[in-house]
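Structure assessment
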Amino acid sequence: MPYSPLLVKPMREELTSAGVEELRTAEDVERWMEARKGLSMLVINSVCGCAAGAARPGVRMALEDDEAPESVATVFAGQDVEATAEARSRFSDIPPSSPSIALFRDQELVYFVPRHRIETKDAEGVAVDLRQAFERFRAEPAAS
Amino acid sequence: MGTFHRDKGDLHGITVVVETEGPELYVGRCDEVTDEGVILLDADVHREDGEGPDREEYLDRASRFGVWGKIRRLVVARDRVSSIRPLGDL
């Protein structure tokens, strides 16, 4: 059952205030998925403790990197249910978890950070992981 | 990081790999470690039985992407557990 909008508002704003586009509907996700080019990142936000302690602040830190993706968006698991389902349908062979982070290059999913690789890290650890992925997938030629 | 329910122990809320003395290993979100055993939520089990991915392949994929939580809640009896460690540490 979704939490009170009042409760999750600051959790949403922690990302949107860093320039992350919030996708609230399945149509929003579809539009974003089709429009993005180059490196892009989708953050699946959640109310859990590791989202507060590691994922959201880690994403904010990583976005300060020069290699950060041009397009970054978020859906909120358990809150914006249809948007989250639409996002997960783009990588349906990966077990759902939240928080989690997907990195795309053009239309291809190139890197995924599931919840279990967030919950044992602090924010800096998440940021380091993401920065390394940004650098790697900027440098690595795209599959033809 | 885990969650904020500290009375349930350090592994509460953490996705763990539970190895046993037998052919099964379990991956799931640890709820609690009690005298009874390890209580896992949204867990999956891998059996080394010659079918499907072997143990190393299973753990490699689990480490990169996680597992499908096929079992809502299960208890791995304490006397069967040989080790327990966070999946994120693999």
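Above this text you will find the structure in question.
These numbers were taken from a predicted model, which means no experiment stands behind them. (Residues numbered from 1 in each chain as written. Chains lettered and ligands numbered in written order. Predicted model: local features only at pLDDT ≥ 70, side-chain atom pairs only at ≥ 80, totals over all residues.)

So, about the overall build of chain B. Tallying secondary structure elements over chain B gives one helix and five strands in all. Projected onto its principal axes, the C-alpha positions of chain B cover 40 × 30 × 20 Å. Counting every position in chain B, which comprises 90 residues, the buried fraction comes to 29%. (Helix = DSSP H or I, 4+ residues; strand = E, 2+ residues; numbered from the N terminus. Buried ≥ 20, exposed ≤ 12 C-beta atoms within 10 Å, placed from the backbone.)

The subject of this paragraph is the sheet that holds strand β4 (residues 71-77) of chain B. By definition, the strands of a sheet pair up through backbone hydrogen bonds, in either a parallel or an antiparallel sense. Residues and elements named next belong to chain B. Strand order in this open sheet of five strands is β4-β3-β2-β1-β5, and the pairing throughout is antiparallel. Across the chains shown, the open sheet's two edge strands, defined by having one partner strand only, are β4 and β5 (81-86). Across this sheet, the average inter-strand angle for adjacent strands is 40 degrees, counted without regard to direction. Sheet topology note: the strand β3 (residues 37-47)/β4 ladder contains six bridges and is antiparallel. When the sheet's bridge partners are listed, Ile39 is paired in β4 with Val75. (Pairing = 2+ DSSP bridges. Axes fitted to C-alpha atoms, helices over the stretch in contact; angles between N-to-C directions.)

Here the focus is the interface of chain A and chain B. Each partner contributes to the interface: chain A provides 16 residues, whereas chain B provides 15 residues. Ranked by residue count, the leading element in the side of chain A that touches chain B is helix α3 (residues 49-62) of chain A, at four residues. Residue composition of the side of chain A that touches chain B, by class: seven nonpolar, five polar and four charged. (Contact = placed C-beta atoms within 7 Å. Nonpolar A, V, L, I, M, F, W, Y, C, P; charged D, E, K, R; others polar.)

Right, let's get into the environment of B:Val75. Among the secondary structure elements, B:Val75 is positioned in strand β4. Residue contacts for B:Val75: discarding those within four places in its chain leaves B:Glu36, B:Gly37 and B:Ile39.

The nonpolar side chains of a soluble globular protein tend to be buried with one another. All names here are of chain A. Within the largest apolar cluster, 36 residues are counted, with the highest numbers of intra-cluster contacts made by Val43, Val75 and Ile101. Sorting the residues of this core by element identifies α2 (26-35), β2 (39-45), α3, β3 (71-76), α4 (81-88), β4 (100-105) and α5 (123-139) as the ones contributing at least two each. Once residues lying within four places of it in the same chain are set aside, the contact partners of Val43 are Leu15, Val20, Val59, Thr74 and Ile101. (Core = buried A, V, L, I, M, F, W, Y, C linked by C-beta atoms within 7 Å.)

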